[in-house]
Amino acid sequence: IQRIRHEAKQAIKKVLDQLTNKDKFGVVTFAKSAKVVVELAFVTPQAKVDAINRVNKISAKGPTNLQAGIQKAAILLTQELDRENRLIIITDANANRGEYSPLGLAQIIADFSTQTNPIFTTVIGVGLNFNTQLTDKILQTRGANYFSVYSPAELRSKLDKEFDFLVTPLAYDFQLQIEKFSLIGKNGWKIIQVIGVPSANQDFTVDDTVIFNVNTLFPSLTTSEGSKGAIILIQLQPKS
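As the structure is a prediction and not an experimental result, all values here were calculated from the model. (Residues numbered from 1 in each chain as written. Predicted model: local features only at pLDDT ≥ 70, side-chain atom pairs only at ≥ 80, totals over all residues. Heavy atoms only, no water.)

1. Considering a nonpolar patch on the surface
Quick note on the threshold: Here, patches come from residues exposed beyond 30% relative accessible area and free of salt bridges, joined within 9 Å for like charges and within 5 Å for nonpolar side chains (Val, Leu, Ile, Met, Phe, Trp, Tyr). Here the open area of atoms and residues is found with the Shrake-Rupley method and a 1.4 Å probe, where only the protein chains shown may cover a residue. The term salt bridge refers to a side-chain nitrogen of Lys or Arg lying within 4 Å of a carboxyl oxygen of Asp or Glu. Helix and strand definitions here come from DSSP, where helices need a minimum of 4 consecutive H or I residues and strands a minimum of 2 consecutive E residues; each element is numbered from the N-terminal end.
A contiguous nonpolar patch, built from Trp189, Ile232, Ile234 and Leu236 and spanning about 300 Å² of accessible area, is present on the exposed surface. Within the secondary structure layout, Ile232 lies in the loop between strand 10 (226-227) and strand 11 (233-238).

Written out as structure tokens, the structure is:
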């Protein structure tokens, strides 16, 4: 708990470093219940100092009510009109109070993304205990994404060099379709499964045509070593 608390504080500070005075920022903590630690306000130099001072005083104890934290933060963001609102959740995702099933939490996040004034979500999973069922559901939610970190250095790097890529969607409602005639070989090919998109294997159509949708695409950082990002694999089998 102490390690997660420390990493969460460092993450909050890194987020503040990426924001300008045109952005608004607030902090909500959640244990048995949720609490507004930093009220939503423009990121002025003084506001940054005040926010860091308040963040440094955060203590971690008791159960984890992730639902309460999400809903408390959403109340703050719902008041913000005419701007894109993004909720960044820093957690090990091991909620044990309130609604804590992967499906239930994902539905809360999805509901906020489709309301009149949408709130999109980025989830930062800290440590090895991140709930993979929850992440699969998050990936099916419009405007939402997640990543996991396993060390303070990795967390700092993500929120420094890759921050804009994490919170700036590139495209919505992306659809990939593979026609059967594009797979014709000597004897033809059969598509067995698609790996890399949670809903892909439910989107097959007849005659070996694959159609699957990705709710949101995010850009990836490109360096001399290449581009980081997801990989979609399609397993094929020769037809007899």
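2. Some remarks on helix 6 (residues 152-161)
What counts, and what does not: Buried means the residue's accessible area, taken with a 1.4 Å probe over protein chains only, is under 20% of the maximum for its type, while exposed means over 50%, and partly exposed covers the values in between. Relevant arc is that of directions from the helix axis to the C-beta atoms, nothing else.
Within helix 6 the residues assigned to the buried category are Leu155, Lys158 and Leu159. Here the buried residues of helix 6 occupy an arc of 85° about the axis, which is enough to place them on one side.

3. Brief notes about the side chain of Gln67
Spelled out, the test is: In this analysis, two residues are considered to be in contact whenever any of their non-hydrogen atoms come within 4.5 Å of each other.
As for its position among the elements, Gln67 is in helix 3 (residues 66-78). In this view, Gln67 contacts Gly98, Glu99, Leu105 and Ile108; residues no more than four positions away in its chain are not counted.

4. Topic: empty space enclosed by the protein
Our working rule: Think of a 1 Å grid over the protein atoms and nothing else: a 1.4 Å probe that fits but is trapped marks a cavity, an open set flanked by protein within 12 Å on at least five of seven lines marks a pocket, and residues with an atom within 4 Å of a point count as lining. Grid points are joined across faces, edges and corners, and a volume is the space filled by probe spheres set on the points. Each residue gets one of three labels, nonpolar for Ala, Val, Leu, Ile, Met, Phe, Trp, Tyr, Cys and Pro, charged for Asp, Glu, Lys and Arg, and polar for the others, Gly among them.
This structure, assessed with the given rule, holds 1 cavity of 30 Å³ or more. Within this model, the largest cavity holds a volume of roughly 40 Å³. Around the largest cavity, the lining residues are Leu66, Ile70, Ile89, Thr91, Leu105, Ile109, Val123, Leu134 and Ile138. Listed by contribution, the elements that provide at least two residues to the lining of the largest cavity are helix 3, strand 3 (85-91), helix 4 (102-113) and helix 5 (132-139). Considering only residue class, the lining of the largest cavity consists of 8 nonpolar, 1 polar and no charged.

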